[in-house]
Amino acid sequence: MTPLLQVRDLTKRYGARLGCGDVSFDLYPGEVMGIVGESGSGKSTLLNCLAGHLAPDEGQVIFDTRAEGPVDTLRMSEPARRMLGRTDWAFVHQNARDGLRMGVSAGANVGERLMAVGARHYGDIREQAVDWLGRVEIAEDRVDDRPRAFSGGMQQRLQIARNLVTGPRLVFMDEPTGGLDVSVQARLLDLLRGLVREMGLSAIIVTHDLAVVRLLADRLMVMKSGAVVETGLTDQVLDDPQHGYTQLLVSSVLQV
Amino acid sequence: MEAMIRVSDVSKSFVLHNQGGAVIPVMAGAELSVQPGECVALVGDSGAGKSTLMRMLYGNYLSNGGSICVGGLDVARAEPREILAMRREVLGYVSQFLRVVPRVPTLEVVAEPVLAAGGRREAGEARARDLLARLNVPERLWSLSPTTFSGGEQQRVNIARGFAHDFPAMLLDEPTASLDATNRAVVLELIEEAKARGAAIVGIFHDAEARAQVCDREIDVSRFTPERAA
Amino acid sequence: MTAMQHDPAYNFAYLDEQTKRMIRRALLKALAIPGYQVPFASREMPMPYGWGTGGVQVTAACLTPEDRLKVIDQGADDTTNAVSIRKFFERTAGVETTEHTVQASVIQTRHRIPEAPLTEGQILVYQVPIPEPLRFLEPRETETRKMHALEEYGLIYVKLYEDIAHNGAISTAYAYPVKVEGRYVMDPSPIPKFDNPKLESAAIQLFGAGREQRIYAIPPYTQVVSLDFEDHPFEPSKADHDCDLCGCGTSYLDEVITDDAGGRMFVCSDTDFCAARQAEGHRGRLSGEDAA
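Reading the values: the criteria
- Residues numbered from 1 in each chain as written.
- Chains lettered and ligands numbered in written order.
- Predicted model: local features only at pLDDT ≥ 70, side-chain atom pairs only at ≥ 80, totals over all residues.
- Heavy atoms only, no water.
- Helix = DSSP H or I, 4+ residues; strand = E, 2+ residues; numbered from the N terminus.
- Rg over C-alpha atoms; globule rule 2.2 N^0.38 Å.
- Buried < 20%, exposed > 50% of the residue type's maximum accessible area, 1.4 Å probe, protein only.
- Contact = heavy atoms within 4.5 Å.
- Areas by Shrake-Rupley, 256 points an atom, 1.4 Å probe, with all protein chains shown as cover.
- Buried area = accessible area lost by both parts, 1.4 Å probe.
- Salt bridge = Lys/Arg side-chain N within 4 Å of Asp/Glu carboxyl O.
- Polar contact = N/O pair within 3.5 Å; in protein donor to acceptor, adjacent residues only side chain to side chain.
- Nonpolar A, V, L, I, M, F, W, Y, C, P; charged D, E, K, R; others polar.
- Arc of directions from axis to C-beta.
- Pairing = 2+ DSSP bridges.
- Right-handed = clockwise from strand over helix to strand, strands pointing away.
- Lys, Arg positive; Asp, Glu negative; His and termini not counted.
- Domains from an automatic or database assignment.
- Axes fitted to C-alpha atoms, helices over the stretch in contact; angles between N-to-C directions.

1. Remarks on the overall build of chain B
Assigned secondary structure in chain B consists of seven helices and nine strands. For 230 residues, the compact-globule estimate of 2.2 N^0.38 gives 17 Å, and chain B sits close to it at 18 Å. Counting only C-alpha atoms and orienting by the principal axes, one finds that chain B spans roughly 55 × 35 × 35 Å. The 230 residues of chain B split such that 49% are buried. Taking the contacts inside chain B whose residues are at least 6 apart along the sequence as the reference set, 70% of them involve residues at least 24 apart. As displayed, chain B has an accessible area near 10300 Å², and 49% of this comes from carbon and sulfur atoms.

Below, the structure written as C-alpha cells:
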C-alpha cells in the first residue's frame, strides 16, 4: 500500500532557533495521527509546514495525488498546491474565526469550497450545504445565519462541514477542541470520530490534550523543542511511555 | 498445528526517567503458546505480571526483548497500523472496564467491532441484539449510551462488545468479575462457544471455579518474574 | 466652432507630460491584458477623492487638442460633478465639449453607459471607486491578487449565493461582477447591471481608480460575461415603466419624487438620449403637463 503522505527530514528554523527538525513519517490512508507536546514544542510549526502554510527549510512532503501519484508538495506549482488545499486537503483551525468567513451565511461558508471547484448551480450547492450542516448537527433553519450568531461549538462544527464538503482525503487539525467547553468537546470529538471513520479520512491532529488523541488518533508523535522524541501506537505511548518527556507529559494529566 | 499465539523469551522493564532513571525489570524469559480452540489461564500473585503480559500481547505495552506472535504478526516489531489491523480482525480484548465515547448508543457500542472488522451493519446489530439479550441487558437501555449504566450493566455491555466479532484469538481480563450467577453462566457459555469455533484464548480469572470450568491449562507468570534487587 | 485655447498657466490637460506617459503605459498594459488591474502612480488632483480623480487622470492622458469631450454623472450631463469636470478640461485642455454621445470622441462617465450604442474610435472612461471585485469578501490585497493570478474565482460566487439565499434572487443591482475574455473577473464600476450587456462594445473602455491607484480596460469587441448560476441566470433589470418624458420603454430610468404626496415620475437617466428622443417628437405620460 502506498502511504498517503510521506514526510522526509522536514526542518524549519526561525533564525537560530529550531521550529521543527528532521521530522520523518509515513501516513497511510485511513490513519489518524496525533502530534502532542507542550506549547512551543514545534507541533504547530510542523503542521503548518505539512499543510503548505509555512515553507520549511529542508525536507519533502510527498502526497499521493489522485492524478499523478506521489508528488512532493513543496515542489509543486503554487496553483496546484492551492488546488490541493481546496480539494483533497482540509485544514481545521483551532479558532473557527480563522477558518470561516464570518461575514457570510453558514450555507455560503460550506458552499464556498464547492464553488471554488466549479459548482455553478445554486440549488445543488444549497442542497449539499444543508446536507452537510445536518451531518455536523446544525439545524437546516440556520443555513442562512451568519457564523457570528453561532456558539463556539457550532462555529467549530461549521468549520468542519466547510472543510469536508469536497470529500478531502487528508485533514489537518490544529487543536480542534481547544477553547471549547468540555461537554461541547465531547460532542465534537464524537462527531469527528464518526466522520473520520465514515469517510475513511486520514488526519493529522495537533493538540496538547491527551484525552483528545486517545479518542481520535491511531498513533502518536510526541514533540519536544522541535524534535520528535517518541512515536507509536496511541495507547502504547500513553500507557507505556518510553521517553522521559512523554512520561512527564502523561503523568502530568489530572485524573478525573 | 500452528500456535495462534506464541510468546518466546519476552522481557520487559520499566525505566522511570523522572525518578532518577530507575529501571524496574518486571518480566524475563516469558514463554507462552496457545493453540486454536485452547483457553490458557494466566495465574500468579498480584503484581506477578499477568496484566503486563496481556498488555504486551495486545500491543499496549512494548516488550524489550523476545518475540510475540499473534496470528503470524510479530507484535513486538509491528507498525502501529499493523497492530490496529490485528486488533480489528484477529485479537479481541475484553477488559475489566468499559471505555466508550460519550453519546454513542449501547447497540452501536456492541456492534462496532463487527463493523470495524468489515461486517455489515445489519449483521453487527443482529449480533449485538442477540448478545445483549443473552446477557440480560434490558432492551429499553439499548438505545442509550452506557456511560450512565450501573457497574454490572456496563460490564455486561463490555462483554457483549468483546464477543460481538468472532475473533480467532481473544484476551479476557476477569470476564466474570462482578457478575451475578446467571450472567456468569452466560459468559462461561460464550467462552465455551468461542473455543468450540476455534478461538485461542488467554485469560485472567480470579474466579477459580470459572477457571477450572473453561481453561485447559494454567501458566504461572511468577516464573517469569526477574529477581529484583532489594 | 472655433478651437478654444487652454489656460496657459497649465500644461495641456493639467497633468505634466511625464505623468501622462506613465498613465498611457499603464493604459496600454491594461488594454493588452483585458480586465487586469494595472497599478499606476495616481497623482493628487485638484478635486477630492470620490469625485473622479481616477477617471480625470485617464481622460487627461487620452485627450488630444482635436478631441470632443462629453462628461456624464449617472447619465446626466448637467449635474455638478459632470459640469465641473467638463469645465476643468475646457480650461486646462481647451478641448471642445459636447452633450451628444454620438459627437463625443472621449466620454468620461460616472456610473452609467450611454444608451446610444458607442462606435469604433470612441473612448469611454469610467470613474471607479473600488476596483477590486473580491474586496468585500477577502480584505487582504495580497490574497485577492493571488486569486486573480491563479484564477481562483469561487469566492465571487459566494457573494451571488448570499444574494439568492437572503433575497431569493441575485439582488446585486450595480457593480455587478463580470468575467472579461474568459479570464479576469472585473468590477465594471457602479454601473447598473442593466448596462452590463453594453460592456461588449465597439469602443475602447478604460477604468481609472484614483484613490486605489489602479487602471484597467476592456478593448473593443471583447467578450464580457456577467457571472451567474445555472439556475439563477443573469438578468439586466430596470424599473418596470416607460420614460414619462420621451416614452422610451427600453432605457434605464431614474425615479424622481415630484411632491410630498407620493407623486413620482420615471425619466431616462441618460439626459442626452431623452432630449434627442423628445426632439424627434417622442412623448411620454407627463410630457404634456411639463409643457404646460
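Let's pick the thread back up.
2. Brief notes about the interface of chain B and chain A
Between chain B and chain A, the contact holds 22 residues from the first and 24 residues from the second. Interface of chain B and chain A: buried area, both sides summed, is about 2000 Å²; carbon and sulfur atoms make up 49% of it. Looking at the side of chain B facing chain A, the largest losses of area belong to B:R81, B:V101 and B:R103, adding up to 29% of the total buried there. Scanning the region where chain B abuts chain A turns up five salt bridges. For B:R55, the salt bridge goes to A:D239, with nearest N and O atoms at 3.9 Å. Put simply, chain B and chain A have 11 residue pairs in polar contact (both at pLDDT 80 or more) between them. For the side of chain B that touches chain A, the elements supplying multiple residues, two or more each, are β1 (5-16) and α2 (80-89) of chain B. In terms of residue count, α2(B) provides more of the side of chain B that touches chain A than any other element does, five residues in total. Looking at side-chain class alone, the side of chain B that touches chain A contains 11 nonpolar, four polar and seven charged residues.

3. A few points about the pattern of salt bridges
Evaluated as defined, the whole model comprises 56 salt bridges over all chains. Residues A:R126 and A:D144 are paired through a salt bridge, measuring 3.0 Å at the closest nitrogen-oxygen approach. Taken together, the residues span a long stretch of sequence, with A:R126 in helix α5 (residues 122-135) and A:D144 in the loop between α5 and α6 (152-164) at a distance of 18 residues. The partner of C:R110 in a salt bridge is C:D73, with the nearest N and O atoms 2.5 Å apart.

4. Some words on unusual backbone geometry
Positive phi is not limited to glycine here, since B:D9 has a value of about 50 degrees. Assignment of secondary structure puts B:D9 in strand β1. Notably, C:Q213 is not glycine yet its phi reads approximately 60 degrees, a positive angle. Residue classification places C:Q213 among the partly exposed residues on the basis of a relative accessible area of 35%.

5. Section: α2(B)
Along α2(B), the residues that are buried comprise B:P80, B:I83, B:L84, B:M86 and B:R87. Summarising the axial view, the buried residues of α2(B) lie within an arc of 155 degrees, below the 170-degree limit, and thus occupy one face.

6. Things to note about the interface of chain C and chain A
Each partner contributes to the interface: chain C provides 20 residues, whereas chain A provides 21 residues. Together chain C and chain A conceal approximately 1900 Å² of surface at their shared face, both sides included; 58% is due to carbon and sulfur atoms. Between the two partners, chain C and chain A, sit five salt bridges. Of the charged contacts, one joins C:E152 and A:R82 as a salt bridge, the two residues approaching to 2.7 Å between their closest N and O atoms. Residue assignment for the side of chain C that touches chain A shows that the elements contributing at least two residues are α4 (141-149) and α5 (154-167) of chain C. Per-element accounting of the side of chain C that touches chain A gives the leading share, nine residues, to α5(C).

7. A closer look at the pairing of strand β8 (residues 202-206) of chain A
The two faces of the sheet receive side chains in turn, since in a regular strand these alternate between them. All names here are of chain A. Counting buried positions along β8 yields five of five residues, so the element is predominantly enclosed. Residues of β8 alternate between two faces, with S202, I204 and V206 on one and A203 and I205 on the opposite face, all of them buried. Bridge analysis of strand β3 (residues 32-36) against β8 gives four bridges, and the strand direction is parallel. Bridging from a neighbouring strand, M33 pairs with I204 of β8. Taken together, the five bridges between strand β7 (residues 170-174) and β8 define a ladder with parallel strand orientation. Of the residues in β8, the one forming a bridge with D174 is V206. For the crossover from β7 across helix α7 (residues 182-199) to β8, the handedness is right-handed.

8. Examining the arrangement of the chains
Ranking the two pairs of chains in contact by contact count places chains A and C at the top. No part of chain B reaches chain C; the closest C-alpha pair between them is 34 Å apart.

9. Some words on the side chain of C:D270
Residue and element names in this part refer to chain C. Topologically, D270 is positioned in the loop between β12 (264-268) and α6 (271-279). As a buried residue without a salt bridge, D270 has its nearest oppositely charged side chain in K70, at a separation of 4.8 Å. Within the local environment of D270, its side chain forms a polar contact with the backbone nitrogen of E115, the two atoms lying 2.8 Å apart. Side-chain polar atoms of D270 contact the backbone nitrogen of D272, separated by 3.2 Å. Filtering out sequence-adjacent residues up to four positions away, D270 remains in contact with G75, R112, P114, E115 and A116.

10. Observations concerning the domain arrangement of chain C
Interfaces are frequently sized by the accessible area removed from exposure as the parts join. All names here are of chain C. What the domain assignment reports for chain C is domain 1 (17-135 + 171-226) and domain 2 (238-283). Relative to domain 2, the C-alpha centre of domain 1 lies at a distance of 25 Å. Every contact between the two is made by 15 residues of domain 1 and, on the other side, 10 residues of domain 2. Between domain 1 and domain 2 lies a buried interface of about 900 Å² when both sides are counted; carbon and sulfur atoms form 49% of it. It is R112, E115 and F194 in domain 1 that bury the most area against domain 2; as a group they hold 49% of the surface buried on that side. Our count for the contact surface shared by domain 1 and domain 2 stands at zero salt bridges. Residues that form the side of domain 1 that touches domain 2 fall into these classes: five nonpolar, four polar and six charged.

11. Details of the sheet that holds strand β6 (residues 178-180) of chain C
Residue and element names in this part refer to chain C. Within the open sheet, the three strands sit side by side as β7-β6-β10. Their pairing is antiparallel. The two strands at the open ends of the sheet, each matched to only one other strand, are β7 (184-186) and β10 (224-226). With direction set aside, neighbouring strand axes in the sheet form an average angle of 30 degrees. The pairing of β6 with β7 spans three bridges and is classified as antiparallel. Paired with V180 across the two strands is Y184, which belongs to β7.

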